[in-house]
Amino acid sequence: MSDPAIPGTVPAEETLNTDPHNTGILEDADPIIQLVVFTMVVLQFSLLRSGRSLSIHDQKLLADFPKDPDSATKQLKLDSNHTIYSVCPKVKCQTLYAPKFMHGSDIPQYPKYCNCIGLNGKPCGTRLTRPRRFNRHEVDVPVKRFVSFSFRDFVGSLTSRPGLEEKMDASWQAIHCASTTLEDVFDGNFLRHFKGPDGQLFGISGPSGRYVFSL
């Protein structure tokens, strides 16, 4: 296996698992049930998490829906693959801490205090977590958090949309068309001459999909 960090080597191609993005949502369920569950999720997230003050009528309407939106969210596959980091709330620090999970537990664990060493040679020491009660259990949650979404999951979802992968693959055909007008990123010189690790033009080297992302 080649090492992408070593110049002159060709990194091994990765295979993305797109099965989670192609499975049915609430399979074999009546369409009316699917609509009701989806409506419940939309109301829960848009009303409860918007911070707005609800009227008594709206509160009664919302109370009549099921009490477990997380389960419905998973069934509708609205949740995404993400990681919640704890961020040091000190403005001049902002150190990230990845969650750790004890064996058999899905509750993330974070350090209580920031141990980043500053320029003065001393640890930051800022409190990273605070206690929060869920039902009868008290859990330490981040004071400040950063949500990082999986790029691999994003690409898998992107290429699973019907017809989109073919359109993205066909975009590279533009580099063969001579154009003096810059109407698209493919009209520029960079992508026209950009080469992959094998020394060939990146967009046409190999049978795998070749995609370019920008920030």
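Refer to the preceding data block for the structure.
Residues numbered from 1 in each chain as written. Predicted model: local features only at pLDDT ≥ 70, side-chain atom pairs only at ≥ 80, totals over all residues. Heavy atoms only, no water.

Peer 1: So what exactly am I meant to see when it comes to the pairing of strand β6 (residues 137-142) here?
Peer 2: Two faces, one strand: in a regular strand the side chains alternate between the faces of the sheet. When strand β5 (residues 129-134) meets β6, the two strands line up antiparallel, connected through 6 bridges. Within the sheet, the bridge partner assigned to Thr129 lies in β6 and is Pro142. Hairpin connection, β5 to β6: the antiparallel pair is bridged by 2 residues, and Asn135 has positive phi, about 55°. (Pairing = 2+ DSSP bridges. Helix = DSSP H or I, 4+ residues; strand = E, 2+ residues; numbered from the N terminus.)

Peer 1: Whenever I open this one, helix α5 (residues 151-159) confuses me. Can you help?
Peer 2: For an α-helix, the turn length of 3.6 residues means that residues three or four places apart are oriented alike. What α5 keeps buried is the set Val155, Gly156, Leu158 and Thr159. Buried residues of α5, seen end-on, are gathered within an arc of 160° and therefore sit on one face of the element. A distance of 3.5 Å separates the backbone nitrogen of Arg152 from a side-chain oxygen at the start of α5, and that oxygen is part of Ser150. (Buried < 20%, exposed > 50% of the residue type's maximum accessible area, 1.4 Å probe, protein only. Arc of directions from axis to C-beta. Polar contact = N/O pair within 3.5 Å; in protein donor to acceptor, adjacent residues only side chain to side chain.)

Peer 1: How should I be thinking about the pairing of strand β1 (residues 82-87) in this particular structure?
Peer 2: Of the strand pairs in this sheet, β1 and strand β7 (residues 145-149) are connected by 5 bridges, and their pairing is antiparallel. Note on β7: the bridge partner recorded for Thr83 is Ser148. The sheet contact formed by β1 and strand β2 (residues 96-97) spans 2 bridges and is antiparallel. Among the inter-strand pairings, Ser86 is bridged to a residue of β2, identified as Tyr97.

Peer 1: Before we go on, may I ask you to explain the sheet that holds β2 in this structure?
Peer 2: In a beta sheet, neighbouring strands are held together by backbone hydrogen bonds and run either parallel or antiparallel to one another. With antiparallel pairing, 3 strands are arranged side by side in an open sheet as β2-β1-β7. Every other strand in the sheet has two partners, leaving β2 and β7 as the edge strands with one partner each.

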